[in-house]
Number of protein chains: 2
Amino acid sequence: MAISAESKDGGAAIAARPSGRPRSARADEAIIDAALDLLAEGVGVDALSIESVASRAGVGKATIYRRWPGKYELLMDCVRSMKMAQPEPRGENVRDDLISLLGVIGLNDDSRSEKVFPCLIPEVMKNPDLRVLYQQLIEPRRARIRTVLQRGVATGELRADLDIELTTLMLSGPVVMQRMLDWNPAIQRDGLAERVVDALLAGAAPR
Amino acid sequence: MAISAESKDGGAAIAARPSGRPRSARADEAIIDAALDLLAEGVGVDALSIESVASRAGVGKATIYRRWPGKYELLMDCVRSMKMAQPEPRGENVRDDLISLLGVIGLNDDSRSEKVFPCLIPEVMKNPDLRVLYQQLIEPRRARIRTVLQRGVATGELRADLDIELTTLMLSGPVVMQRMLDWNPAIQRDGLAERVVDALLAGAAPR
C-alpha cells in the first residue's frame with residue numbers, strides 16, 4: 001500500500017518519468033495526482049477547487065478546464081486512476097473466479113485511495129450527476145461478477161434460481177463495507193474475499 | 001420519511017412541544033436538531049462549527065459546551081437521536097428475527113438521516129476517536145444480530161460451524177450499502193431484508 005515519495009508529488013513525478021510519454025498525458029497525471037494529494041491530506045471535496053488543484057499541479061486553471069468540464073469529472077477520473085486492474089476470471093470454477101474478483105475490492109497500491117474513497121461518498125450521494133458517473137465507474141466490476149455468476153448457474157455450480165443482481169450485492173457489499181469503511185474491527189482482514197464467497201456458497205442453514 | 005416543518009426548526013420545535021419536558025432536555029433537542037438541519041442542508045462536517053449550531057438553535061455556545069466536549073461528541077448524539085428503535089426479536093424463529101432486525105437498517109422517520117449518514121463517513125474514517133464513538137453506536141445492533149445467530153446455532157436452525165461475526169457483516173453489509181449508499185440501482189428496495197436473509201440462509205450453491 002506504500003507509494004513512493006516521488007509519485008506523491010505531481011511535479012517531481014513528471015520530471016522523473018521517462019520522456020517517451022506525450023506531454024499532455026503527463027500533465028493529466030500531474031493534475032490527477034495533485035487532486036488526490038489534496039483529498040488525501042484532508043481537504044474536503046467542498047473545499048477542493050480547480051484553482052487549488054492547478055496550483056498544486058503547477059499548471060494553469062485553463063489546462064484543467066481544457067481536459068475536464070468541472071471538478072466532479074476530474075474527481076471521477078481520480079477514482080478511475082486509482083482502480084486496481086480487474087483480474088481476468090480464469091473460468092475454471094466459479095468459486096476461484098469470485099474470490100479473485102472480490103480479492104481486489106478496496107485494495108490499492110496507492111495509499112491515498114483509502115482516504116479518498118470515504119471523502120467522495122457524501123458528494124456522490126448529494127449530486128445525481130456524480131452518481132451517474134460513479135455508477136459507470138463501478139459497473140464494470142459488477143458486470144464481471146455478474147458474468148461469473150451467470151456462468152455458474154449455467155454449469156450447475158450455482159443454484160438455478162439464483163438472484164444474480166442481489167448476489168452481486170451480497171458478495172461485494174460485505175467486502176466494501178469491511179475493507180473501505182472498516183465496519184467491524186472484530187473481523188480479520190486476511191482472507192476476507194474467500195470467507196465471504198464460501199459463506200455465501202454454503203449458506204447459513206444446515207445442509 | 002417526511003418530517004413536520006415544526007420539528008425541522010429547532011426554535012419552533014421547542015415552542016410547540018408540551019411544557020412537561022425539562023427545559024435542559026428541550027435545549028438538547030433543539031441543539032441536536034439544529035446540527036442535523038445544517039448537515040442535511042449540505043453544510044459539511046468540516047464547515048459545521050459549534051458557533052453555527054448555537055446560532056441556528058438560538059442558544060449560546062456555552063450552552064452547547066456544557067453538554068458536549070466538542071463537535072464530534074455532538075455529532076454522535078445526532079446520529080444516536082436518529083437511530084430507529086431496535087425491534088425486540090420475538091424469538092420464534094431465526095429467519096423472522098433477522099428480517100426484523102435488518103428491516104430497520106437505514107430506515108428512518110427523519111428524512112434528514114439519509115443525508116447525514118454519508119456526510120459522517122469521511123469524518124469517522126479520518127478520526128480514530130470518532131471511530132470508537134461510532135463503533136459504540138452500531139455495536140448494539142450488531143449484538144442483537146449476533147444473539148439471534150447464536151440462538152440459531154443452538155437450536156439447529158443455523159449450521160453448527162457458522163462464523164457468527166462474518167455472518168453479521170454478510171447480513172448487514174448488503175443492506176447498509178443498498179439502503180444508505182444506494183449501491184446498485186438495479187436492486188429493488190422493497191423486501192430487501194427478507195431477500196438478503198433468505199439468500200444467505202439458502203446459500204448460492206445448489207442443494
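All figures in this text were calculated on a predicted structure; none of them were measured in a lab.

A. Here's a closer look at the overall build of chain A. A count of helices and strands for chain A gives 11 helices and 0 strands. Taken from N to C terminus, the helices and strands of chain A fall in the order α-α-α-α-α-α-α-α-α-α-α. Taken over 207 residues, chain A has a buried fraction of 49%. For chain A, restricting intrachain contacts to residue pairs at least 6 apart in sequence, the fraction spanning at least 24 positions comes to 64%. If you sum the accessible surface of chain A, you get close to 9300 Å²; carbon and sulfur atoms cover 53% of it.

B. Molecular detail of the interface of chain B and chain A. Each partner contributes to the interface: chain B provides 53 residues, whereas chain A provides 53 residues. The junction of chain B with chain A conceals about 4500 Å² of combined surface from both sides, 68% of it contributed by carbon and sulfur atoms. Contact with chain A buries area across many residues of chain B, yet L169, W183 and A204 of chain B alone supply 16% of it, more than any other trio. In this structure, R131 of chain A and D182 of chain B form a salt bridge, with 2.4 Å as the shortest nitrogen-oxygen distance. Joining chain B to chain A, the criterion identifies 24 residue pairs in polar contact (both at pLDDT 80 or more). Every element with two or more residues in the side of chain B that touches chain A is listed here: α8 (113-126), α9 (128-155), α10 (164-181) and α11 (192-202) of chain B. Here the element with the most residues in the side of chain B that touches chain A is α10 of chain B; it accounts for 13 residues. Looking at side-chain class alone, the side of chain B that touches chain A contains 31 nonpolar, 10 polar and 12 charged residues.

C. Representation of the relation of the copies chain B and chain A. It takes a turn of 180° to lay chain B on chain A, together with a shift of 0.0 Å along the axis; the resulting RMSD is 0.0 Å. Seen this way, the second copy is the image of the first under a two-fold rotation axis. Closest approach to the rotation axis among the C-alpha atoms of chain B is made by G203 of chain B, whose C-alpha sits 1.7 Å away. The share of interface residues of chain B whose copies in chain A are also at the interface is 100%, consistent with both copies meeting through the same surface.

D. The environment of P185 of chain A, seen in detail. Position of P185 of chain A relative to the elements: it lies in the loop between α10 (164-181) and α11 (192-202). Look at P185 of chain A and you get exposed, because its relative accessible area is 53%. Beyond its immediate stretch of four places on either side in the chain, P185 of chain A contacts Q135 and R142 of chain B.

E. Focus on α11 of chain B. Within the span of α11 of chain B, buried status applies to L192, A193, V196, V197, L200 and L201 of chain B. End-on, the buried residues of α11 of chain B take up no more than an arc of 160°, which puts them together on one face. Packed against the buried residues of α11 of chain B are α10 and α11 of chain A together with α7 (94-103) and α10 of chain B. Downstream of α11 of chain B by a residue or two, G203 of chain B has a phi angle that is positive, lying close to 80°.

F. Local environment of the UniProt feature "DNA-binding region" (unreviewed entry) in chain A. In the numbering adopted here, UniProt assigns the feature "DNA-binding region" (unreviewed entry) to residues 49-68 of chain A. Summarising residues 49-68 of chain A: 75% helix, 0% strand, and an end-to-end C-alpha distance of 13 Å.

G. Representation of the packing of aromatic side chains in the model. Overall, the coordinates contain 2 aromatic pairs over all chains when judged by the stated rule. Consider the rings of Y134 of chain A and W183 of chain B, whose centres lie 6.2 Å apart with planes at 65°: the pair is edge-to-face. Within this pair, whereas Y134 of chain A is found in helix α9 (residues 128-155), its partner W183 of chain B is found in the loop between α10 and α11, the two belonging to separate chains. In this pair, the class of Y134 of chain A matches that of W183 of chain B, namely buried.

H. Geometry of the pattern of salt bridges. Residues and elements named next belong to chain A. For the structure shown, the criterion picks out 40 salt bridges over all chains. Two residues, R146 and E139, come together in a salt bridge whose shortest N-O distance is 2.8 Å. You can call R146 buried: its relative accessible area is 17%. One salt-bridge network, in which partners are shared between bridges, spans D33, D37, E41, R56, D110 and R112.

I. Up close: unusual backbone geometry. Of note, the phi angle at D182 of chain A is positive, near 50°, even though the residue is not glycine. Structurally, D182 of chain A can be placed in the loop between α10 and α11.

Rules used in this analysis
Residues numbered from 1 in each chain as written. Chains lettered and ligands numbered in written order. Predicted model: local features only at pLDDT ≥ 70, side-chain atom pairs only at ≥ 80, totals over all residues. Heavy atoms only, no water. Helix = DSSP H or I, 4+ residues; strand = E, 2+ residues; numbered from the N terminus. Buried < 20%, exposed > 50% of the residue type's maximum accessible area, 1.4 Å probe, protein only. Contact = heavy atoms within 4.5 Å. Areas by Shrake-Rupley, 256 points an atom, 1.4 Å probe, with all protein chains shown as cover. Buried area = accessible area lost by both parts, 1.4 Å probe. Salt bridge = Lys/Arg side-chain N within 4 Å of Asp/Glu carboxyl O. Polar contact = N/O pair within 3.5 Å; in protein donor to acceptor, adjacent residues only side chain to side chain. Nonpolar A, V, L, I, M, F, W, Y, C, P; charged D, E, K, R; others polar. Least-squares fit on C-alpha atoms with pLDDT ≥ 70 in both. Arc of directions from axis to C-beta. UniProt positions renumbered as here; feature names shortened; annotations may be inferred. Phe/Tyr/Trp six-rings, centres within 6.5 Å; stacked < 30°, edge-to-face > 60°.

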